[in-house]
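Here's the letter readout for the chains.
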Amino acid sequence: VTCPPYDLNSNSLKCTNATICPVPGAVVAKVSTNSSVNYGAIVEKTCNTGYSVNGAVSASMKCSTTCQYTENVAQCSPNQSTAFTPSPNSNVNVSFPYFD
């Protein structure tokens, strides 16, 4: 049994949550191989800098007997320090130059 190359357009490699993703739909992870793998082989999904899977930078996926990757639900999300969260009491002051 051989699993096909991992789908590089898979949503599992993208940040899809519009409420936390700076750019929803952006690719934020990569896989350890772009080739077919044999049954039982492990493919690592690694998050880009500034993203993690539940605090880890990578997640493992295994080629199953059905030619699918198991444990493929983990998605990379922005680290807390990466996501922009304005302070509830923040003020933004904007001034424009005056021209005659």
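Residues numbered from 1 in each chain as written. Predicted model: local features only at pLDDT ≥ 70, side-chain atom pairs only at ≥ 80, totals over all residues. Heavy atoms only, no water.

Colleague: Would you take a moment to explain the environment of V57 for this structure?
Modeller: Relative to the elements of secondary structure, V57 occurs in the loop between β7 (51-52) and β8 (58-63). The class for V57 is exposed, based on a relative accessible area of 54%. With 12 residues separating them in the primary sequence, V57 and K45 have C-alpha atoms 8.4 Å apart. Contacts of V57, omitting those with residues within four sequence positions, involve K45, T46 and C47. (Helix = DSSP H or I, 4+ residues; strand = E, 2+ residues; numbered from the N terminus. Buried < 20%, exposed > 50% of the residue type's maximum accessible area, 1.4 Å probe, protein only. Contact = heavy atoms within 4.5 Å.)

Colleague: I'm lost on the confidence of the model for the protein chain in this one. Help?
Modeller: Caution applies to low-pLDDT regions: their predicted coordinates should not be interpreted in detail. For the protein chain, the average pLDDT comes to 81, and 80% of its residues sit at 70 or higher. Within the protein chain, the element-level pLDDT minimum falls on strand β9 (residues 69-70), averaging 86, and the maximum on strand β5 (residues 37-38), averaging 95. (pLDDT = per-residue confidence, 0-100.)

Colleague: What is the right way to look at the pairing of β8 in this model?
Modeller: Strand residues, when the strand is regular, have side chains that alternate between the two faces of the sheet. The alternating pattern of β8 places A59, M61 and C63 on a buried face, while none of S58, S60 and K62, on the opposite face, is buried. Looking at chain direction, strand β6 (residues 42-47) and β8 are connected through five bridges and run antiparallel. Each bridged residue has a counterpart across the sheet, and for T46 the counterpart in β8 is S58. Of the strand pairs in this sheet, β8 and β9 are connected by two bridges, and their pairing is antiparallel. Paired with C63 across the bridge in β9 is Y69. The turn joining β8 and β9, which pair antiparallel and follow one another in sequence, is formed by five residues; a positive phi near 65° is taken by C67. (Pairing = 2+ DSSP bridges.)

Colleague: Would you explain the nonpolar core in this entry?
Modeller: Soluble globular proteins tend to pack their nonpolar side chains together in the buried interior. Ranked by internal contacts, the top residues of the largest apolar core, which has 19 residues, are Y69 and C76. Where this core is concerned, the elements lending two or more residues are β4 (29-31), β6 and β8. In terms of residues, this core owes the most to one element, β8, which gives three residues. In contact with C76, other than residues within four places in its own chain, are C15, V28, A29, C47, Y51, S52 and V53. (Core = buried A, V, L, I, M, F, W, Y, C linked by side-chain atoms within 4.5 Å.)

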